[in-house]
Protein chains: 2
Amino acid sequence: MTSFTVTADDMDAIALGGAFLGTGGGGDPYIGKLMAKQVIAQHGPVKVITADELDDDALCIPVCMMGAPTVMVEKLPNGNEAREALAQLEAFLGRKADALICIEAGGLNSTIPYAVAAATGLPLIDGDGMGRAFPELQMVTMTIHGVSATPMVLADDKGNSSVINAISNKWTERLARCQTVEMGGAALVALYPMSGAEMKRGILHGSMSLIKAIGEIMTSERKAIRNPAEALMKRLDGKRLFTGRVVDIDRRTVGGFARGKAEFKGMDEDEGRSFTVEFQNEFLICRSEADELLAVTPDLICALDADGGMPVTTEQLRYGLAVTAIGLACDPQWWTPEGLELVGPRYFGYEHDYAPLHQMSR
Amino acid sequence: MTSFTVTADDMDAIALGGAFLGTGGGGDPYIGKLMAKQVIAQHGPVKVITADELDDDALCIPVCMMGAPTVMVEKLPNGNEAREALAQLEAFLGRKADALICIEAGGLNSTIPYAVAAATGLPLIDGDGMGRAFPELQMVTMTIHGVSATPMVLADDKGNSSVINAISNKWTERLARCQTVEMGGAALVALYPMSGAEMKRGILHGSMSLIKAIGEIMTSERKAIRNPAEALMKRLDGKRLFTGRVVDIDRRTVGGFARGKAEFKGMDEDEGRSFTVEFQNEFLICRSEADELLAVTPDLICALDADGGMPVTTEQLRYGLAVTAIGLACDPQWWTPEGLELVGPRYFGYEHDYAPLHQMSR
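Calculation notes
- Per chain, residue numbering runs from 1 following the sequence as it is written.
- Labels follow written order: the first chain is A, the first ligand is 1, and so on.
- Restriction of local features to residues with pLDDT of at least 70 applies here, the model being predicted, together with a cutoff of 80 or more for giving and counting side-chain atom pairs; totals for whole chains, interfaces and linings are based on all residues.
- With hydrogens and water excluded, all non-hydrogen atoms of the structure serve as input to the side-chain values.
- The helix count covers DSSP runs of H or I at least four residues long, the strand count covers runs of E at least two residues long, and both are numbered beginning at the N terminus.
- To superpose the copies, least squares is applied to the C-alpha atoms of every residue with a pLDDT of at least 70 in both.
- A contact between two residues is defined here by any heavy atoms of the two lying within 4.5 Å.
- Computed with a 1.4 Å rolling probe, the buried area is the accessible surface lost when two parts are put together, summed over both parts.
- Salt bridges are identified by distance alone: a Lys or Arg side-chain nitrogen within 4 Å of an Asp or Glu carboxyl oxygen.
- Think of it as three bins: nonpolar holds Ala, Val, Leu, Ile, Met, Phe, Trp, Tyr, Cys and Pro, charged holds Asp, Glu, Lys and Arg, and polar takes everything else, Gly as well.
- By definition, two strands form a pair when at least two bridges between them are found by DSSP.
- To obtain an axis, a line is fitted to C-alpha atoms, over the contacting stretch when the element is a helix, and the angle between two such axes runs from 0 to 180 degrees between their N-to-C directions.
- Only protein chains enter the calculation, and the probe is 1.4 Å; a residue is then buried if its accessible area is under 20% of its type maximum, exposed if over 50%, and partly exposed in between.
- Any angle between 65 and 115 degrees counts as roughly perpendicular, while under 35 counts as roughly parallel, over 145 as roughly antiparallel, and the rest as oblique.
- Handedness of a helix crossing follows the sense of rotation of the near helix relative to the far helix, less than a right angle counterclockwise being left-handed and clockwise being right-handed.

Going by the annotation in an unreviewed UniProt entry, the name recorded for chain A is DUF917 domain-containing protein, with Allomesorhizobium camelthorni given as the source organism.

Structure follows, in structure tokens:
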């Protein structure tokens, strides 16, 4: 891995790759892309550096949006809340950040930090806390490594803000989630302030390069009028879960999350079969008609439009849409007992133990 | 008005008077009394000063408990959260408080500040923001006078805390209430940091002297084996609303509040009649069997045990309890359009305009 520079043009690929790794959630990266493009055009490109380029005693801060992706689509950030959240956290800490990092490798939260990095001139670390997207803020590898999510700042579009100090990252999630709901379902936040040393131990490395590479594969495949599914599966050691059309979609915004279930009727080689995918912001579990498990969190369930080859988020699921679902193995840190306690199927209320994607029959 | 000193022994009268003016809410002052007695015994008495004794550029901070009184009875504060909330607000402001003040003249919140004052050695202002108790934090005369409730600090018994900065006092209520619910239904808070000048303009004066005087009347009447109702009505220009026994009580904790309705069967001179009182933490509206309005917020509805003469809080209401309900006129500031918008009957969802207590037939 080496450091690289991200221009406004690069944001197209990054938004595509982020939407794919966002596993259906994380919000539509289109908004974050527009924000980042505009700010980069104004302030110049963003430098993405590898974790080891940052000093051990430097200050690294993740900045992201928190809330239900369904809300984020209708309630656009005005672009200042993220910088406001960062500035307030810096003021609280009495120290300026030396680098920014994405909390997750997916959706809006892998594009918004580029806008903040461009505006502040800070470098962005090539890494993140999830290697995908997850719905709750304690669901990051930093939690496994004992990094506190607080002090954390939330800022909304109206000018409200708060600073949380909590005894655990799960408590931070509770106290921040309720305020996110009150703030209208979405807020911009700065949290997990880390030293360079904590960051190097705590994060997953290389996610920004990976997102860009995924986006570039998607772009070149689509230019060649090929669905990117095959090329992506090859590059990422992915597994085709199914191809099918949405026949039913049930979604609701509950407790600040977009929750729901989509049913698919198999098509092409899956003709005659049926599949369900359940989600809480992100796709969490994929089952076949016989209740056979095809993929389950923390492994990634990524969806592509079977016709156009574009990534599909949960809020884009609609009756009749043809989807190719692809499974990807998660980072091995999530396979540990600590990892599965944070993001395994039982945390989300499913009566399944985690079963690795590549050990499943299909 | 002159300044005075409050000893541990004085806390008995103050707790009684606070429970009476607490209009059924504000939590059982017994807990706050015990806390205050213990801290005063350890650190010495509390000096209560008149507002004009504080410099205009001094810093005055209200400290109180926020949440459902029903919860406070079961979840005792450990005594440090209030000081923690104050210390965090001071740290955030970069300045130490010069005086404390009660946010409301009722219940726990007119006793806890004595404990904090004794522990910190700070004087307590002879005044408050309500002249009674109200359920929501924007319901103070400081709101009418343009004082911001934020920065505000919340602290819980587990060690969690947060600092809120909001665009209005109503927004502060929303963002603080949801965290109070998450924190287990009650939190200790420091808010409305005010200059001496803002405090002098914004508060209601003399409430601490009044509470102590009410408590002393109650104590001396009860010593003389008289129900204090008559003496209190005389001293406070109060109006007897009814005497009756609880025949039905419906209560639930909703959205962090104790809400409910009590029905009473008239006794003595009210034999044959019936009455209802509705509450949200505090008693808000009192009606007779013919739906005739007897008293309505912001006027005070105070309840005394008809047998023992002790103040009755909503959580003490139980089948068969005999109660004398007394109406008191609120401070004239609450009669203004701004006042009624904050605490009038329509804010609480009642289809009544405010009608002053002394203009009603009974």
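What to know about the environment of B:Glu53
Following the sequence through the fold, B:Glu53 ends up in the loop between β2 (46-49) and β3 (59-67). Put simply, B:Glu53 and B:Asp126 are 73 residues apart on the chain and 10 Å apart in space, counted from C-alpha to C-alpha.

Considering the relation of the copies chain B and chain A
Between the two copies of this chain, the relationship is a rotation about some axis together with a displacement along it. Superposing chain B onto chain A requires a rotation of 180 degrees together with a translation of 0.0 Å along the rotation axis, leaving an RMSD of 0.0 Å. Expressed as a symmetry operation, the mapping of one chain copy onto the other fits a two-fold axis. It is B:Val163 whose C-alpha, among those of chain B, lies nearest the rotation axis, at 2.4 Å. Mapped onto chain A, 100% of the interface residues of chain B again fall at the interface, so both copies present the same surface.

Looking at the interface of chain B and chain A
The interface of chain B with chain A comprises 18 residues on the first partner and 18 residues on the second. For the pair chain B and chain A, the summed buried surface comes to about 1,700 Å²; carbon and sulfur atoms form 56% of the total. Considering only the surface of chain B that becomes buried against chain A, B:Asn160, B:Leu175 and B:Glu182 emerge as the three largest contributors, covering 29% of it. The tally of links between chain B and chain A comes to two salt bridges. In this structure, B:Arg174 engages A:Glu182 in a salt bridge whose closest nitrogen and oxygen atoms are separated by 2.9 Å. At the level of elements, β8 (161-165) and α7 (169-182) of chain B are the ones that each hand at least two residues to the side of chain B that touches chain A. Sort the elements by how many residues they give to the side of chain B that touches chain A and α7(B) lands first, with six residues. Looking at the side of chain B that touches chain A residue by residue, the classes come out as nine nonpolar, six polar and three charged.

Observations concerning the sheet that holds strand β16 (residues 293-296) of chain A
Residues and elements named next belong to chain A. Taken in spatial order, the seven strands make up an open sheet running β16-β15-β14-β13-β12-β18-β17, and their pairing is antiparallel. On the outer flanks of this sheet lie β16 and β17 (300-305), each paired with one strand and no other. On average, each strand axis in the sheet is inclined to that of its neighbour by 30 degrees, with strand direction left out of account. Both strand β12 (residues 239-254) and strand β13 (residues 257-266) contribute to a ladder of ten bridges, which runs antiparallel. Bridged to Arg 251 within β13 is Gly 260.

A short note on the pattern of salt bridges
Throughout the structure, instances matching the rule amount to 36 salt bridges over all chains. A:Lys200 is paired through a salt bridge with A:Asp56; the nearest N and O atoms lie 2.7 Å apart. Placement of the pair is A:Lys200 in helix α8 (residues 196-202) and A:Asp56 in the loop between β2 (46-49) and β3 (59-67), with a sequence separation of 144 residues. For A:Lys200, a relative accessible area of 24% puts it in the partly exposed group. We classify A:Asp56 as partly exposed; its relative accessible area is 45%. A salt bridge links B:Arg177 to B:Glu173, with the shortest nitrogen-to-oxygen separation between them at 2.7 Å. Here B:Glu173 and B:Arg177 lie together in helix α7, a separation of four residues that amounts to about one turn.

As for the packing of helix α2 (residues 29-43) of chain A against helix α5 (residues 112-120) of chain A
All names here are of chain A. It is at 8 Å that the axes of α2 and α5 come closest, and there the two elements cross at 15 degrees. The angle between the axes of α2 and α5 places the two elements in the roughly parallel class. Of the two possible hands of crossing, α2 and α5 adopt the one that is left-handed. Of the residues in α5, those touching α2 at Gly 32, Met 35, Ala 36, Val 39, Ile 40 and His 43 are Ile 112, Tyr 114, Ala 115, Ala 118 and Ala 119. Classifying every residue of the contact of α2 with α5 gives nine nonpolar, two polar and no charged.

Here's the deal with the pairing of β2(B)
Residues and elements named next belong to chain B. When strand β1 (residues 4-6) meets β2, the two strands line up antiparallel, connected through three bridges. Within β2, the residue paired with Val 6 across the bridge is Val 46. Strand direction decides the pairing type here: β2 and strand β5 (residues 124-125), joined by two bridges, are parallel. For Ile 49, the partnering residue across the bridge sits in β5 and is Ile 125.

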